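Structural description and commentary
Residues per chain, in single letters:
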Amino acid sequence: MSHSQQDEQQRLEEYLKTKAKEEQENKQQQEAESLSKYEACVLRESARVKELIVEARKEAEEKSEDK
């Protein structure tokens with residue numbers, strides 16, 4: 001291999017390493033975003049469940065007071 005071919009090979013290898021690293025970082029970021037969306041959904045549903053529990057307790061108290 002000539003000197004220019006070796007340089008070109010090294011540049012290509014460096015480029016491929018850089019691209020692989022970028023892809024890994026992008027994948028990790030997407031996973032983190034997905035987790036954040038999941039967590040937000042869980043928090044919303046948890047808040048809704050708590051609201052339903054409060055409503056049910058109020059109704060139960062009203063029924064017990066009516067008796």
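Since the model is a prediction, treat every value here as computed from it, not as a measurement.

**Observations regarding the pattern of salt bridges**
Throughout the structure, instances matching the rule amount to two salt bridges. A salt bridge links Lys19 to Glu22; the nearest nitrogen and oxygen atoms lie 3.6 Å apart. Here Lys19 pairs with Glu22, and both are found in helix 1 (residues 3-66), just three residues apart, close to one helical turn. Accessibility expressed as a relative area gives 34% for Lys19, which makes it partly exposed. Close ionic contact of Glu51 with Arg48 constitutes a salt bridge, the shortest N to O distance being 3.2 Å. Linking Glu51 with Arg48, this pair stays in helix 1, spanning three residues, or about one helical turn.

So, how was this worked out
Residues numbered from 1 in each chain as written. Predicted model: local features only at pLDDT ≥ 70, side-chain atom pairs only at ≥ 80, totals over all residues. Heavy atoms only, no water. Salt bridge = Lys/Arg side-chain N within 4 Å of Asp/Glu carboxyl O. Helix = DSSP H or I, 4+ residues; strand = E, 2+ residues; numbered from the N terminus. Buried < 20%, exposed > 50% of the residue type's maximum accessible area, 1.4 Å probe, protein only.

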